[in-house]
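# Geometric and topological summary
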Amino acid sequence: MTAPGTVPQHIAIVMDGNGRWATRRYLPRVAGHKKGVDALRACVRHCGDRGVKVLTVFAFSSENWNRPPEEVSGLMELLAMALSREVPQLQSEGVRIHFIGDRSALSEKVRNGLEQAEAATAGNARLVFNICFNYGGRWDIAQAAAKLAARGEPITEQSMDRAMALAHVSDPDLLIRTGGEQRISNFLLWQAAYSELYFSDKLWPDFDAAAIDEAIADYARRERRFGRTSEQLAQPADTGRKAA
Ligand code: IPE
Ligand code: IPE
Ligand code: MG
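About the cut-offs
Residues numbered from 1 in each chain as written. Chains lettered and ligands numbered in written order. Predicted model: local features only at pLDDT ≥ 70, side-chain atom pairs only at ≥ 80, totals over all residues. Heavy atoms only, no water. UniProt positions renumbered as here; feature names shortened; annotations may be inferred. Phe/Tyr/Trp six-rings, centres within 6.5 Å; stacked < 30°, edge-to-face > 60°. Buried < 20%, exposed > 50% of the residue type's maximum accessible area, 1.4 Å probe, protein only. Lys NZ or Arg CZ within 6 Å of the ring centre and 35° of its normal. Axes fitted to C-alpha atoms, helices over the stretch in contact; angles between N-to-C directions. Helix = DSSP H or I, 4+ residues; strand = E, 2+ residues; numbered from the N terminus. Parallel < 35°, antiparallel > 145°, perpendicular 65-115°, else oblique. Left-handed = near helix turned anticlockwise from the far one by under 90°. Contact = heavy atoms within 4.5 Å. Nonpolar A, V, L, I, M, F, W, Y, C, P; charged D, E, K, R; others polar. Expected span 1.5 Å × (residues − 1). Salt bridge = Lys/Arg side-chain N within 4 Å of Asp/Glu carboxyl O.

The name given to the protein chain in an unreviewed UniProt entry is Isoprenyl transferase, with Ramlibacter terrae as the source organism. Taken from UniProt, the Function (unreviewed entry) comment for the protein chain reads in full: "Catalyzes the condensation of isopentenyl diphosphate (IPP) with allylic pyrophosphates generating different type of terpenoids." The record in UniProt for the protein chain states the following under Sequence similarities (unreviewed entry): "Belongs to the UPP synthase family."

## Looking at the packing of aromatic side chains
Within this structure, the stated rule accounts for 8 aromatic pairs. Centroid distance Phe-60 to Trp-65: 5.2 Å. Interplanar angle 80°. Geometry classified as edge-to-face. The class for Trp-65 is partly exposed, based on a relative accessible area of 34%. Between Tyr-135 and Trp-139, the aromatic rings sit 6.1 Å apart at their centres with planes inclined by 75°, giving edge-to-face as the arrangement. Accessibility expressed as a relative area gives 0% for Tyr-135, which makes it buried. Here a set of aromatic residues connected by ring pairs shows up, and it is made of Phe-58, Tyr-135, Trp-139 and Phe-187. Above the ring of Trp-21, the side-chain terminus of Arg-25 is found at 4.0 Å from the ring centroid.

## As for the packing of helix α2 (residues 29–50) against helix α7 (residues 209–220)
Packed helices, taken two at a time, are described by the angle their axes make and the gap between the axes. Across the interface, α2 lies against α7 with an axial gap of 10 Å and an inter-helix angle of 45°. When the axes of α2 and α7 are compared, the pair comes out oblique. For the pair α2 and α7, the sense of crossing is right-handed. Along its contact with α2, which presents Cys-43, His-46, Cys-47 and Arg-50, the element α7 presents Ala-209, Ile-212, Asp-213 and Ile-216. Here the contact of α2 with α7 is composed, by residue class, of 5 nonpolar, 1 polar and 2 charged.

## Concerning helix α5 (residues 137–151)
For α5, with 15 residues, the first-to-last C-alpha span of 22 Å sits near the 21 Å given by 1.5 Å per residue. Count one or two residues on from α5 and you reach Gly-152, which has phi positive near 70°.

## Some points on the pattern of salt bridges
Counting across every chain of the model gives 20 salt bridges. A salt bridge links Arg-50 to Asp-213, with the shortest nitrogen-to-oxygen separation between them at 2.8 Å. Taken together, the residues span a long stretch of sequence, with Arg-50 in helix α2 and Asp-213 in helix α7 at a distance of 163 residues. For Arg-50, a relative accessible area of 38% puts it in the partly exposed group. Taking the relative accessible area as the measure of exposure, Asp-213 reaches 24% and is therefore partly exposed. The salt bridge partner of Arg-103 is Glu-118, with a shortest N-O separation of 2.9 Å. Residue Arg-103 is found in the loop between β3 (95–100) and α4 (108–120), and its partner Glu-118 is found in helix α4; the two are separated by 15 residues along the sequence. Take Glu-118: its relative accessible area is 18%, and that puts it in the buried class. Within the structure, one salt-bridge network assembled from shared partners comprises Asp-173, Glu-196, Asp-218, Arg-221, Arg-222 and Arg-224.

Quick look at the structure:
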């Protein structure tokens with residue numbers, strides 16, 4: 001159980017609002033995504049500094065293929081470019097990159113970029129950085145179940161946990177969505193079962209270190225009960241269900 005006042009060990013973010021950020025400035029939507037990369041760079045650094053252990057971000061959903069082709073290709077380009085540019089800095093900050101999603105539909109260039117970034121940072125342990133790209137919560141649940149079925153393993157909550165794409169980390173403690181919408185949009189459907197939800201009206205490119213601190217402070221005021229009562233949580237002998 002995470003004690004009140006502590007920093008969330010795992011923060012997950014739906015980085016929404018790049019398009020509106022650009023449109024408000026009469027810029028093409030891709031300019032908003034570029035600005036979003038700047039916000040993400042600062043966010044990774046700040047989370048590391050605050051002692052967050054895992055950061056999981058939603059960068060491209062299974063449904064985002066439905067966007068105009070020039071925006072989709074712009075996002076693919078941007079990912080490949082960002083990976084090649086940012087890895088040395090992430091490396092020096094002790095960040096370990098994991099790509100989470102269906103790689104099969106991605107171009108070879110993007111796939112290679114992801115694999116290289118993962119390999120280059122595999123020895124790092126200060127902050128685990130999961131990039132969900134061509135990811136959907138339903139895809140993850142279905143691929144986990146298919147994996148178990150193919151191996152003839154029984155389907156239980158534990159075996160599913162182990163087969164999911166985020167099996168290497170505990171469930172998110174705090175799930176943030178920027179951009180004003182209050183929905184999950186097919187992100188972490190399985191893992192967010194007990195995440196604290198935090199919605200911000202700020203558009204993702206404007207979500208700065210102060211905004212992250214506000215979200216962390218809000219989280220610290222929450223009481224995570226995991227089905228129990230407040231009175232039970234107040235009893236020191238009763239440690240409650242583990243958050244992990
Ligand atoms: C989120 O920003 C980034 C991606 C989905 C890739 P949007 O592009 O959805 O921004 P809005 O919601 O249109 O403002
Ligand atoms: C969710 O944002 C996906 C990402 C941030 C990558 P969307 O902008 O695609 O979500 P909807 O379509 O508004 O639900
Ligand atoms: Mg959006």
